[in-house]
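Overview (structure and organization)
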Amino acid sequence: MQSQRCDEIHQCTSEKKIQRMSESMFMVLCEILGTSQQVAISRETRDIWEIVGKKVTKNNGIIRMLSGSIKEGLKLKGSDVDYMYWLNNYRIIMNMTQSENYNTANTTFIFSDTSESPPGFTLLQLLTPTQNSEIQSVCVRMNDRVYISSSLVMQLACSRIIPQSTVHGPCGSGNIAGTNFDHSYCFVSDFWPQSVSWWVERCQSWPNPEVVDDIVRNGCHFVAIGHPFGPNENEEWRTSFSQAV
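As a starting point, this report considers the structure included with it. (Residues numbered from 1 in each chain as written. Predicted model: local features only at pLDDT ≥ 70, side-chain atom pairs only at ≥ 80, totals over all residues. Heavy atoms only, no water.)

**Some details on the overall build of the protein**
To keep things clear, this is the line we draw: The way it works is that DSSP assigns letters per residue, a run of H or I at least four long becomes a helix, a run of E at least two long becomes a strand, and they are numbered from the N terminus. We call a residue buried when its accessible area falls under 20% of the maximum for its residue type, exposed when it is over 50%, and partly exposed in between, using a 1.4 Å probe and counting protein chains only. The criterion used for residue contact is that any of the two residues' heavy atoms lie within 4.5 Å. Per-residue and other accessible areas were derived by the Shrake-Rupley procedure at a 1.4 Å probe size, with only the shown protein chains allowed to occlude residues.
From N to C terminus, the protein includes seven helices and 12 strands. By the burial criterion, 40% of the 245 residues in the protein qualify as buried. Long-range contacts, defined here as pairs at least 24 residues apart, represent 53% of the contacts in the protein between residues at least 6 apart. Carbon together with sulfur atoms contributes 54% to the accessible area of the protein, which is approximately 15,200 Å² in total.

Structure follows, in structure tokens:
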């Protein structure tokens, strides 16, 4: 009986120590990352700025979006600043009927051709002739079709935004006044890829249906990096769901 009582006291003491350690760890994380309220306010503020920015961007303009930890509202000392850029009047479609959702007179269409690519990757076939000289310079011809080359876009990204940037995954990485910036040229699709429709079906309890619907409704992006073992590594693009964070 006495031994059982000692075990109960020891267990209770251990639980209190763990609780104190957890509380101390929480306070430290709040100092580093900000409180949950501060993180939420930061995220909402940045989301509002991005919504306004998209609304006022001209049809032939460039949209810039934060991604990474700053997008998530976290303030990490020494963290990179990640930006994604895309042309506002270029849209990726998964099938030809999706073009009916746009004004074809001022939209440049790109077709996601996944027939030869590993899951999560695609070739981007330029369907609409373009007068954009930079896009023209990064196009290649394969099988009598015009595709946008991810490797050529990466070369452009490393020289266009921050000169002498280096390749860092699908981004060009450079430094301005002691802050590291990762910038990615990408293309946007307003549609959810059929290849990941299973994800929607898997979300039964978390996240809630409203969040899932919002994520799917926002579509996805395609960033300039190919599969290292794919048949067309220099031309392939990877699907990105950065907007879903």
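**Quick look at the pattern of salt bridges**
The test is simple: We count a salt bridge whenever a side-chain nitrogen from Lys or Arg sits within 4 Å of a carboxyl oxygen from Asp or Glu.
Counted by the stated rule, this structure contains three salt bridges. The salt bridge partner of D190 is R91, with a shortest N-O separation of 2.8 Å. Of the two residues, D190 is situated in the loop between β10 (179–189) and α6 (197–202) and R91 in strand β3 (residues 90–93); the sequence distance between them amounts to 99 residues. Residue D190 is classed as partly exposed on the basis of its relative accessible area of 31%. Using a relative accessible area of 14% as the deciding quantity, one classes R91 as buried. The salt bridge involving E134 is made with R160; its shortest N-O contact spans 2.7 Å. Of the two residues, E134 sits in helix α4 (residues 133–137) while R160 sits in helix α5 (residues 150–160), which places them 26 residues apart along the sequence. By relative accessible area, which is 27% here, E134 ends up partly exposed.

**A short note on the pairing of strand β7 (residues 145–148)**
The condition that has to hold: Strand pairing requires that DSSP identify at least two bridges connecting the strands.
Looking at chain direction, strand β6 (residues 139–142) and β7 are connected through four bridges and run antiparallel. Considered in β7, the bridge of C139 is made with I148. Connecting β6 to the antiparallel partner β7 that follows it, the hairpin turn spans two residues, and N143 within it adopts a positive phi of roughly 50°.

**Things to note about the packing of aromatic side chains**
How we decide: Between rings of Phe, Tyr and Trp, where Trp is taken as its six-membered ring, a pair exists when centres lie within 6.5 Å; planes separated by under 30 degrees are stacked, by over 60 edge-to-face, and by other angles tilted. Criterion for a charge above a ring: Arg CZ or Lys NZ at most 6 Å from the ring centre, at most 35 degrees from the ring normal.
One pass over the full model with this rule turns up eight aromatic pairs. On the basis of an interplanar angle of 40° and a centroid distance of 5.6 Å, the ring pair of W192 and W199 is categorised as tilted. Taken individually, W192 and W199 each receive the classification buried, so the pair is uniform in this respect. Here a set of aromatic residues connected by ring pairs shows up, and it is made of Y83, Y85 and Y185. Over the ring of Y83 we find R64; its NZ or CZ atom is 4.2 Å from the centre of that ring.

What is shown is where atoms sit, not what they do.
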